[in-house]
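# Structure assessment
Each chain, written out:
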Amino acid sequence: MLSPDTQLRSLGVAVRSAGSTTLLDRAYAGFFNTILMPGWERLVRHRDTLKHLRYLEASQWLSAEERARYELIDLRQLLAYAGKHVPYYRELFRRERFDPR
């Protein structure tokens, strides 16, 4: 049985090894990373994906204590948002006399 690469070469299709990159590959990667992806995420999808990615890339190097501190801050912000914008949680927090701040 012939490998897929050998089969493609026998049909006249150029096959590159997985590790080889061309100038065109690098140019497309740069264009994608600086223009296409950010434009799609911000302008079309209206998401902060790249901001979250930068946060995750930086936070992976934090100590466990620092990470726990940031998680507590994030949890408080989430609960405060829910208490302000979600009627169910607003009523629950009021009834239980819970202040997420």
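Above this text is the structure in question.
Described in the following lines is the structure provided in the data block. All figures in this text were calculated on a predicted structure; none of them were measured in a lab.

Rules behind the numbers
- Residues numbered from 1 in each chain as written.
- Predicted model: local features only at pLDDT ≥ 70, side-chain atom pairs only at ≥ 80, totals over all residues.
- Heavy atoms only, no water.
- Helix = DSSP H or I, 4+ residues; strand = E, 2+ residues; numbered from the N terminus.
- Buried < 20%, exposed > 50% of the residue type's maximum accessible area, 1.4 Å probe, protein only.
- Phe/Tyr/Trp six-rings, centres within 6.5 Å; stacked < 30°, edge-to-face > 60°.

## Side note on unusual backbone geometry
Even without glycine at this site, histidine 46 takes up a positive phi of about 55°. Residue placement: histidine 46 occurs in the loop between helix 2 (23-44) and helix 3 (49-59). For histidine 46, a relative accessible area of 65% corresponds to the exposed category. Phi is positive for arginine 97, close to 55°, though the residue is something other than glycine. Locating arginine 97 in the fold gives a position in the segment after helix 5 (87-96).

## Things to note about the packing of aromatic side chains
Under the criterion given, the structure shown has 4 aromatic pairs. Ring geometry for tyrosine 28 against phenylalanine 32: centres 6.2 Å apart, planes inclined by 35°, an arrangement best described as tilted. Residue tyrosine 28 and its partner phenylalanine 32 are both found in helix 2; the two are separated by 4 residues, about one turn of the helix. Exposure remark for phenylalanine 32: the relative accessible area of 33% places this residue in the partly exposed category.

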